[in-house]
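# Secondary and tertiary structure notes
One letter stands for each residue in the lines below.
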Amino acid sequence: MAQVSLNQVCKTFPGNIKAVDSINLGIENKEFMVLVGPSGCGKSTILRMIAGLEEASSGDIYIGNKKVNDVPAKDRDIAMVFQSYALYPHMTVFENMSFGLRLRHIPKPEIMQRVNEAAAILGIKRLLNRKPRELSGGERQRVAVGRAIVRKPMVFLFDEPLSNLDAKMRVQMRTEIHKLYLKLQTTIIYVTHDQVEAMTMGDRIAVMQDGVMQQVADPIAIYDHPKNKFVAGFIGSPPMNFMCGRIIKKDNRLYFDEGNIHVKLIDDMRQKLSAYIDKEVIFGIRSEDIYDKLFVSEAPPENVVKANCEIYEPMGSEVYLYLNTGKHTFIARVGAHNRPKVNQDIDLVFDMSKVHFFDKDSEETIV
């Protein structure tokens, strides 16, 4: 079995720098788990502790029901793919892929079989006699992945493997790694700072900030039901729009008011927000939940907001509108046909069934 479990795992570096703080995480057999967060949040440190390249300051790490805190990296039955590829420049592709097997004194016929099988899966059989300097970035990445595949480990660890590739190659390799996962049916733990990679690849996502696990769930659950303001703002592109304002009660209805924006809340939010009447909260709405009133057949007048269109960015299939209410700026993601004039006011409709509210002090989700 290839489950991986972290129980109260901490990592403190010299100078009392806490990189990872009390992490509890269970990764199932054959699951694709993505650790995502900004640079310095501790995600790569977690991966290195699982691999045995860093020692946990406290807590327990299990791989396949076996505690591995004191097990050397070479005996943990894992394979790691690094951001830098870490290929030996003087060796051919075949020699790079077979190096670990030769160290373990695997018989030559089996080495040939494993390398050829992995090369066929990755489409690099024609490259086996080349040196790394003769390869493109994407080809080098495939070789690094192939070197991990031939070992047939219990767990694959990927540490930001696509960071050195250009945008087009990143999309292609992202797809290739996901296809590989479906074909191999093995456990993968994947570290990235790119939330698009996380959303498109992971069975589940673990969002991290400052060494602390903020939320663990499947991608859609995290997108639709973020636990707090950090998760809401980090997951999603463009990021969620935020603004501060107050919950007010008028004519037995609840409204969000920030001065220039005054919108009515739906009844389903009434119970949770009634405790915040006359208090400041953080209002959040995603860019795709804001519409140009011209393209909405029935727009409730209490949900219409006037804003100035400062910039629009055509993206091909859609347009990003950068808007200003006088107190706040925000982004709307609208259809490609929607191109208002710059520096002119535009009437917008907020989909109030999709908005989020966060406590101003704790930044935890209210509704």
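Residues numbered from 1 in each chain as written. Predicted model: local features only at pLDDT ≥ 70, side-chain atom pairs only at ≥ 80, totals over all residues. Heavy atoms only, no water.

## Brief notes about the side chain of E258
With respect to the helices and strands, the residue E258 is situated in the loop between β12 (253-257) and β13 (262-264). Within polar-contact distance, the side chain of E258 engages the backbone nitrogen of N260 at 2.7 Å. Leaving out residues up to four positions away in the same chain, E258 has contacts with M243, C244, G245, T325, K327 and H328. (Helix = DSSP H or I, 4+ residues; strand = E, 2+ residues; numbered from the N terminus. Polar contact = N/O pair within 3.5 Å; in protein donor to acceptor, adjacent residues only side chain to side chain. Contact = heavy atoms within 4.5 Å.)

## Quick look at the sheet that holds strand β15 (residues 290-292)
Reading across the sheet, the five strands line up as β15-β19-β16-β17-β18 and stay open at both edges, with antiparallel pairing between neighbours. The sheet terminates laterally at β15 and β18 (329-335), the two strands that pair on one side only. This sheet shows a mean twist of 50° between the axes of neighbouring strands, independent of strand direction. Here six bridges tie strand β16 (residues 304-314) to strand β17 (residues 318-324), and the two strands are oriented antiparallel to one another. (Pairing = 2+ DSSP bridges. Axes fitted to C-alpha atoms, helices over the stretch in contact; angles between N-to-C directions.)

## Remarks on the pairing of strand β1 (residues 4-13)
Two elements, β1 and strand β4 (residues 58-63), share five bridges in a ladder whose sense is antiparallel. Note that in β4 the partner of C10 across the bridge is S58. The pairing of β1 with strand β2 (residues 17-27) spans seven bridges and is antiparallel. Bridged to L6 within β2 is L25.

## Quick look at unusual backbone geometry
Following S237, the chain continues into P238 via a peptide bond in cis, with omega recorded as -5°. Of note, K30 is a non-glycine position whose phi angle comes to about 65°, a positive value. Within the secondary structure, K30 sits in the loop between β2 and β3 (32-36). In this structure, E363 takes a positive phi of about 65° despite not being glycine. Its relative accessible area of 33% is what places E363 among the partly exposed residues. (Buried < 20%, exposed > 50% of the residue type's maximum accessible area, 1.4 Å probe, protein only.)

## Details of the sheet that holds strand β14 (residues 280-285)
Within the open sheet, the five strands sit side by side as β13-β12-β11-β14-β20. Their pairing is antiparallel. Both edges of this open sheet fall to β13 and β20 (356-359), since each of them pairs with a single strand only. Each adjacent strand pair in this sheet contributes to an overall mean axis angle of 40°, direction not counted. As defined by bridge partners, strand β11 (residues 241-250) adjoins β14 across six bridges and the pair is classed as antiparallel. Its bridge partner lying in β14, M243 is registered against F283.

## A few points about the pairing of β20
Across the two faces of β20 the burial is the same, with H356 and F358 and F357 and D359 all buried. Relative to β20, β14 runs antiparallel, the two being bridged by four bridges. The residue of β20 that forms the bridge with V281 is D359.

## Regarding the UniProt feature "domain: ABC transporter" (unreviewed entry) in the protein
The feature "domain: ABC transporter" (unreviewed entry), as given by UniProt, occupies residues 4-235 in the numbering adopted here. Between the first and last C-alpha atoms of residues 4-235 the distance is 25 Å; the span itself is 37% helix and 26% strand. (UniProt positions renumbered as here; feature names shortened; annotations may be inferred.)

## Considering the pattern of salt bridges
Evaluated as defined, the whole model comprises 17 salt bridges. For E302, the salt bridge goes to K264, with nearest N and O atoms at 3.1 Å. Placement of E302 in the loop between β15 and β16 and of K264 in strand β13 is noted, with a sequence separation of 38 residues between them. Taking the relative accessible area as the measure of exposure, E302 reaches 27% and is therefore partly exposed. When the shortest N-O distance is used, the salt bridge between R333 and E318 registers 3.7 Å. You can see R333 sitting in strand β18 and its partner E318 sitting in strand β17, a full 15 residues away along the chain. Owing to a relative accessible area of 24%, E318 belongs among the partly exposed residues under this scheme. Within this structure, K11, R48 and E54 form a network of salt bridges that share partners. (Salt bridge = Lys/Arg side-chain N within 4 Å of Asp/Glu carboxyl O.)

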